[in-house]
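One letter stands for each residue in the lines below.
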Amino acid sequence: VDLGYSFKRGGYTVNRVIAEGLPVSIALGSLALTFALTLGLVAGITSAVNRGSFADLALMSLATLGIALPTFVIAGVSIILFVFLIPIFPAAGWGSFDQLLLPALCLGLPYAADVARISRTSMLDVLSQDHIRTARAKGLSPARVIWGHALPGALLPVVSFLGPATAGILTGSLVIEQIFAIPGLGSHFVHAALQRDYTLAMGCVLLYTVLLYAMNTLVDLSYSHLDPRVELE
């Protein structure tokens, strides 16, 4: 699809700008999504298995805090902690894996908090069902009951969340890319809005819309593989 030329970037087409920025945003978003799923699922399952314990209270309190705090606050605090006080990561820039870790972590933490709360609620519901009691009655180990029998059913709400979350991670990278000086699609979108580069802004919006519809379609298709009771028509 030919989206025309950028109003403010002489000689650059919208397709070229998107082609340059999209791989950067995909790399950042993919790592952020990995952090979100890993941290969120581990926290949610641990909290559900240890319901009512101190670990449950602490993990859900952190999840609530992660949902409440805006991304730029998380990024600012992380820069103070891990760049100035404990110099582990570089402050900004793009080009090495070290420069990608901190922005991806800051981008993925709010989504990890959502995944933790969703997976905890779903896991508690699955653990109370008859087939889990039957599995325990057969003498299966707690680990096999949780990971082999309870987890597949508990993943359905998480998968439903992943559709809009994947698009949200890319659109949410607008703030992170500005803070950490990452030349991704989010930075181009912000500059297009500020400079009234209408063709580039519309191209970015169109891309985000297609991405959202595509991810939701993949989520619907994955249901039949996760839950045998769901059939595709």
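Described below are features of the structure shown in this document. All of these numbers come straight from a predicted model, not from anything done at the bench. (Residues numbered from 1 in each chain as written. Predicted model: local features only at pLDDT ≥ 70, side-chain atom pairs only at ≥ 80, totals over all residues. Heavy atoms only, no water.)

Looking now at the packing of helix α1 (residues 14–49) against helix α4 (residues 97–127). Where α1 meets α4, the closest approach of the two axes is 5 Å, and the angle between their N-to-C directions is 35 degrees. In this structure, the crossing between α1 and α4 has a hand that is right-handed. (Axes fitted to C-alpha atoms, helices over the stretch in contact; angles between N-to-C directions. Helix = DSSP H or I, 4+ residues; strand = E, 2+ residues; numbered from the N terminus. Left-handed = near helix turned anticlockwise from the far one by under 90°.)

A few words now on the pattern of salt bridges. Taken as a whole, this structure holds two salt bridges when the rule is applied. Its salt-bridge partner being E20, residue R16 comes within 3.4 Å of it at the nearest N-O pair. Of the two residues, R16 and E20 are both situated in helix α1; the distance of four residues between them amounts to about one turn of the helix. Between D56 and R120 there is a salt bridge, with its nearest N and O atoms 2.9 Å apart. (Salt bridge = Lys/Arg side-chain N within 4 Å of Asp/Glu carboxyl O.)

This paragraph deals with the environment of R51. Relative to the assigned elements, R51 resides in the loop between α1 and α2 (54–68). Once the C-alpha coordinates of R51 and R120 are considered, the two residues, 69 residues apart in sequence, prove to be 9.2 Å apart. The residues contacting R51, other than those within four sequence positions of it, are D56, R120 and L124. (Contact = heavy atoms within 4.5 Å.)

To continue, consider the nonpolar core. Ranked by internal contacts, the top residues of the largest apolar core, which has 27 residues, are L28, C106, L107, Y111, I169, I176 and F180. Elements with a minimum of two residues in this core: α1, α3 (71–85), α4 and α6 (142–179). Every residue in contact with C106, bar those within four places of it in the chain, is listed here: T71, I74, A75, S78, I176 and F180. Core analysis: the next-biggest nonpolar cluster, separate from the first, contains 13 residues, I45, V126, I132 and A135 among them. (Core = buried A, V, L, I, M, F, W, Y, C linked by side-chain atoms within 4.5 Å. Buried < 20%, exposed > 50% of the residue type's maximum accessible area, 1.4 Å probe, protein only.)

The subject of this paragraph is a nonpolar patch on the surface. A cluster of nonpolar side chains, contributed by V77, I80, L81, F84, L85, I86 and I88, occupies part of the molecular surface with about 690 Å² of accessible area. Accessibility expressed as a relative area gives 60% for F84, which makes it exposed. (Patch = residues over 30% accessible without salt bridge, like charges linked within 9 Å, V, L, I, M, F, W, Y side chains within 5 Å. Areas by Shrake-Rupley, 256 points an atom, 1.4 Å probe, with all protein chains shown as cover.)

This part covers unusual backbone geometry. Of note in this structure, A181 is not a glycine but carries a positive phi near 55 degrees. Structurally, the position occupied by A181 is in the loop between α6 and α7 (185–194). Residue A181 is classed as partly exposed on the basis of its relative accessible area of 48%. Residues other than glycine seldom take positive phi values, yet R196 does so here, at roughly 60 degrees. By secondary structure assignment, the location of R196 is in the loop between α7 and α8 (198–226).

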